[in-house]
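Understanding the architecture of this molecule
As a plain string of letters, each chain reads:
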Amino acid sequence: MSNLQVTSVYFMLVTIRIIFAGTPGIKLKPTGTSEGFSDPFIIEVMVGRQVELPCDIRKPTGDDSVSLILWYKSDINAPIFTVDSRHGPLEKAEHFSSDTLGLRASFNLVVHPAILTIDPVKETDDGEYRCRVDYRWARTIHRVIDLKVIVPVKEILIVNQRNQSLSGIVGPYSEGSELTLVCYAVGGKPIPSVTWWMQSVLVDNVYGLTVSGNVRNDLILEKLSRDDFMINLTCRASNSNHTSTVSASVTIDMNLRPTNVKISTKRRQFSANKEYNVECQTTGSKPPARITWWKGSTHLTTATEMIPVHGNTTLSILTFMPSRWDNGKYLSCRVDNPFVRDSALEDGLTLNVTYAPVVTLSMEGDHKNHVVYESDDVFLNCDFQANPRVTTVQWYFQGEEISGDPGMGIVISNQTLLLFDIKKERRGLYGCDATNMEGRGRSLDIELKIKYKPECALEQQQTYHATTGEIVEVFCHIAADPPEVTFTWMFNNSKHHRELLSFVSSGTHSIAKVRIEKKEDFGTLTCKAKNLVGIQEEPCRYVLVQVCKYIRHHDTCVTVSISVIMTLV
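Since the structure is predicted, the reported quantities are computational estimates derived from the model, not experimental observations.

Some remarks on the overall build of the protein chain
Of regular secondary structure, the protein chain possesses two helices and 45 strands. Per-residue burial for the protein chain yields a buried fraction of 42% across its 569 residues. Summarising the internal contacts of the protein chain: among those between residues at least 6 apart in sequence, 62% fall at separations of at least 24. Only carbon and sulfur atoms are counted for the fraction: they give 51% of the accessible area of the protein chain, which is about 32,000 Å².

Pasting the structure below:
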């Protein structure tokens, strides 16, 4: 293509740009015009690149010529570039570049329109340029160009509220918390637009200029949700179609609350004093949930924790040995993420702990210290705690099983033993046991102490043989409870009936001394005692029998002796 064709095409393009103000790169700027001045048009160029500023230097008439071309910049009084042809043809004119442009500027007269090239463009080159063309005969023409130097955004900074720089994966932030990210666009001309994008969706396009000249956009996420986990947030800055969008991104790491918790053990019944494993599983937490076990308000510490390799599931296994006291208590598995507020979840079960009966024996009524009196009615109650229910109750006396016998005053009603009109023979150890499906439980024995009036002890000497002139000691031994007793002795035969005062006592024993002086001193002695319960009903009887020293009146002595013995028997 020839230079003439290039010139024609360029002139056509400039003309089109002037006519169509919406064409990218050139924008019309409505201004007032004066004689010899053209309407200005806008040229946009990136800093550091090359820009061509056109100037129409065509001659108004064929016999005229250009004598001087001067380029001015709005903020500089002196010309910034000069072509002086006042002393010769234009083609041989001298070109002068000011210190403002220096070697960066050149003026091409060959093309049409002529072009002032600035390469590279500096930020300070921004402004209004005027090309002044002086002719030898025609009036001076001014061509006005508004050069917009575009400076791209230098950098994007993302910081938090504490002005700490953020990049890459940031956090972790807690689910439910508020997050504020601040984006700064540093540099850029014209002022860039700064926007926030979530993935590819615009979420915030409100920005403002700071006192330092940077553009700021605050992105506020009022309540982070689980859906925000590992979301990518990008801050973009753009100030021209001629520049690439500058961006910076962060990825949100989060602490997540657990989404569920479940005790996965199907067992709902436990035997006391046996060891069991109970499993609890939770998912959804990041980092893995903290799992604790509770029995009522008691923290259990015998659990192991495992984190399966798949997903964010955490498993905890509790090893525990329930006791009977745990029956009915609430066993719970609690999970939470300590980094997330109000993240606790709980699942639990009410323990059904089965155990053998625990049996206690008690006495009802006013009998203190298990003390009763003969002829009293006694009620013994067999109390028990058991799960499941008790199926049988058995009673024991002195270690032997006993059954109900109303005729003997023994009645068993459910878990109560009733002893009516009790006798001292029923004193001793009583116990009971209860049985359910878990086993048998036995009570501690109760010793039943029966208070009774004195009575003669068994296996005593009841016949004493004596001769006249002899002192006889007669021993009386009684049984009584309480054993603190007082004794009374009486003497009786066919001629006499009197109280004996000559005796000594010690506990339940008493000894009476009888002097045999004559035949009338033989007879019967009775011993009777009294304690707090009462007076002995039947006295103890002892017989004094005469023994002959020599055979004289043999028939009479023998007859008397036999007669006395027969009377006693």
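Notes on a nonpolar patch on the surface
A contiguous nonpolar patch, built from Ile 169, Phe 229 and Met 230 and spanning about 270 Å² of accessible area, is present on the exposed surface. Tracing the chain through its elements places Ile 169 in strand β11 (residues 168–174).

Brief notes about unusual backbone geometry
At the junction of His 112 and Pro 113, the peptide bond is cis and its omega measures out at -5 degrees in the coordinates. Mapped onto the elements, Pro 113 comes out in the loop between β6 (105–108) and β7 (114–118). In this model, Lys 189 is joined to Pro 190 through a cis peptide bond whose omega is 0 degrees. If you check the backbone angles, Ser 375 has positive phi at about 80 degrees while not being a glycine. Here Ser 375 lies in the loop between β29 (371–373) and β30 (378–387).

Remarks on the packing of aromatic side chains
Inspection of the entire model under this criterion finds eight aromatic pairs. Seen from their ring centres, Phe 270 and Tyr 276 are 5.1 Å apart, and the 85 degrees between their planes marks the pair as edge-to-face. Clustering of aromatic rings is evident, with ring pairs tying together Trp 71, Phe 81 and Phe 107. Here Arg 334 stacks its cationic end above the ring of Trp 294, 4.4 Å away from the centre of that ring. Geometry around Phe 397 places Arg 426 over its ring, the cationic atom sitting 4.6 Å from the centre.

A closer look at the side chain of Ser 285
Here Ser 285 lies in the loop between β21 (276–283) and β22 (290–295). A polar contact of 3.3 Å, which involves the side chain of Ser 285, links it to the backbone oxygen of Leu 256. Only 2.7 Å separates the side chain of Ser 285 from the backbone oxygen of Pro 287, close enough to count as a polar contact. Ignoring any residue separated from it by four or fewer positions in sequence, one finds Ser 285 in contact with Leu 256, Arg 257, Pro 258, Asn 312 and Asn 337.

Side note on the sheet that holds strand β12 (residues 179–186)
Spatially, the four strands line up as an open sheet ordered β10-β12-β16-β15, and their pairing is antiparallel. Among the strands making up the open sheet, the edge pair consists of β10 (155–159) and β15 (208–209). Pairing geometry for β12 and strand β16 (residues 215–221), over seven bridges, is antiparallel. Across the sheet, Cys 183 pairs through a bridge with Asn 217, a residue of β16.

Describing the confidence of the model for the protein chain
When pLDDT is averaged along the protein chain, the result is 86, and 88% of the positions lie at 70 or above. Counting interchain partners and residues more than four positions distant, the pLDDT-below-50 stretch residues 1–35 has 47 contacts. pLDDT under 50 marks residues 551–569. Its contacts with residues more than four places away, or in other chains, come to 10 contacts.

Brief notes about the sheet that holds strand β24 (residues 303–306)
Paired through backbone hydrogen bonds, the strands of a sheet run either parallel or antiparallel to each other. Pairing in this open sheet of four strands is antiparallel, and the strands run β19-β21-β25-β24 from one edge to the other. Each having just a single partner strand, β19 (260–263) and β24 make up the two edges of the open sheet. Strand after strand, the sheet turns through a mean of 20 degrees between neighbouring axes, direction not considered. Sheet topology places β24 next to strand β25 (residues 313–320); four bridges connect them, and they run antiparallel. Across the sheet, the residue bridging to Ala 303 is Leu 318, located in β25.

Here we look at the pattern of salt bridges
Overall, the coordinates contain 26 salt bridges when judged by the stated rule. The partner of Asp 126 in a salt bridge is Lys 189, and the shortest N-O contact between them spans 3.6 Å. Of this pair, Asp 126 sits in the loop between β7 and β8 (127–135) while Lys 189 sits in the loop between β12 and β13 (193–198); the two residues are 63 residues apart in sequence, bridging distant segments of the chain. Taking the relative accessible area as the measure of exposure, Lys 189 reaches 30% and is therefore partly exposed. Here Glu 455 makes a salt bridge to Lys 424, at a shortest N to O gap of 2.8 Å. Of this pair, Glu 455 sits in strand β37 (residues 446–456) while Lys 424 sits in the loop between β34 (416–419) and β35 (428–436); the two residues are 31 residues apart in sequence, bridging distant segments of the chain. Because the salt bridges share partners, they merge into one network encompassing Asp 56, Arg 58 and Arg 143.

Quick word on the pairing of β13
Note: β13 against strand β17 (residues 232–238), six bridges, orientation antiparallel. Bridging from a neighbouring strand, Trp 197 pairs with Thr 234 of β17. Here β13 pairs with strand β14 (residues 201–204) via three bridges, running antiparallel. Looking across to β14, one finds that Trp 197 is bridged to Leu 202. Once β13 ends, the chain turns through two residues before running back antiparallel as β14, passing Gln 199 with a positive phi of about 60 degrees.

As for the state of the cysteines
Tallied over the full model, the rule gives six disulfides. The disulfide that involves Cys 183 links it to Cys 235, with 1.8 Å between the sulfurs. Classification of the bridge connecting Cys 183 and Cys 235 rests on its S-S torsion, roughly -85 degrees, and on that basis the disulfide is left-handed. Taken together, the residues Cys 183 in strand β12 and Cys 235 in strand β17 connect sequence positions 52 residues apart.

Side note on the environment of Asp 64
In this fold, Asp 64 is placed in the loop between β2 (51–55) and β3 (66–73). Taking the C-alpha atoms as reference points, Asp 64 and Tyr 135, 71 residues apart in sequence, are found 6.9 Å from one another. Once residues lying within four places of it in the same chain are set aside, the contact partners of Asp 64 are Lys 59, Tyr 135, Arg 136, Trp 137 and Ala 138. From its side chain, Asp 64 meets the backbone nitrogen of Ala 138 in a polar contact 2.8 Å long.

So, how was this worked out
- For every chain, the first residue of the written sequence is number 1, and numbering continues from 1 along that sequence.
- Where totals are concerned, whole chains, interfaces and linings use all residues; where local detail is concerned, this predicted model gives features only for residues with pLDDT of at least 70, and gives and counts side-chain atom pairs only at 80 or more.
- Note that water and hydrogens are dropped before the side-chain values are worked out from all heavy atoms of the structure.
- The numbering of helices and of strands both runs from the N terminus, where a helix is a DSSP run of H or I of at least 4 residues and a strand a run of E of at least 2.
- Residue exposure (1.4 Å probe, protein chains only): buried if accessible area is under 20% of the type maximum, exposed if over 50%, otherwise partly exposed.
- Contacts between residues were defined by any pair of non-hydrogen atoms, one from each residue, lying within 4.5 Å.
- Accessible surface area values rest on a Shrake-Rupley calculation with a 1.4 Å probe, where residue burial reflects the displayed protein chains alone.
- Residues qualify for a patch when their relative accessible area is over 30% and they have no salt bridge, like charges being joined within 9 Å and the nonpolar side chains of Val, Leu, Ile, Met, Phe, Trp and Tyr within 5 Å.
- For salt bridges, the criterion is a side-chain nitrogen of Lys or Arg within 4 Å of an Asp or Glu carboxyl oxygen.
- Here is the rule: rings of Phe, Tyr and Trp (six-membered ring for Trp) pair when centre to centre is within 6.5 Å. Planes less than 30 degrees apart are stacked, more than 60 are edge-to-face, and the remainder are tilted.
- Whether a charge sits over a ring comes down to the Lys NZ or Arg CZ being within 6 Å of the ring centre and within 35 degrees of the ring normal.
- A 3.5 Å cut-off defines polar contacts: any pair of N or O atoms within that distance qualifies, except that in protein one atom must be a possible hydrogen donor and the other a possible acceptor, and neighbouring residues in sequence count only when both atoms are side-chain atoms.
- Pairing between two strands requires that DSSP report at least two bridges joining them.
- Known as pLDDT, the predictor's confidence for each residue is given on a scale from 0 to 100.
- Orientation is described by axes fitted as lines to C-alpha atoms, over the contacting stretch for helices, and by angles from 0 to 180 degrees between their N-to-C directions.
- Note on terminology: disulfide denotes any pair of cysteine sulfur atoms within 2.5 Å.

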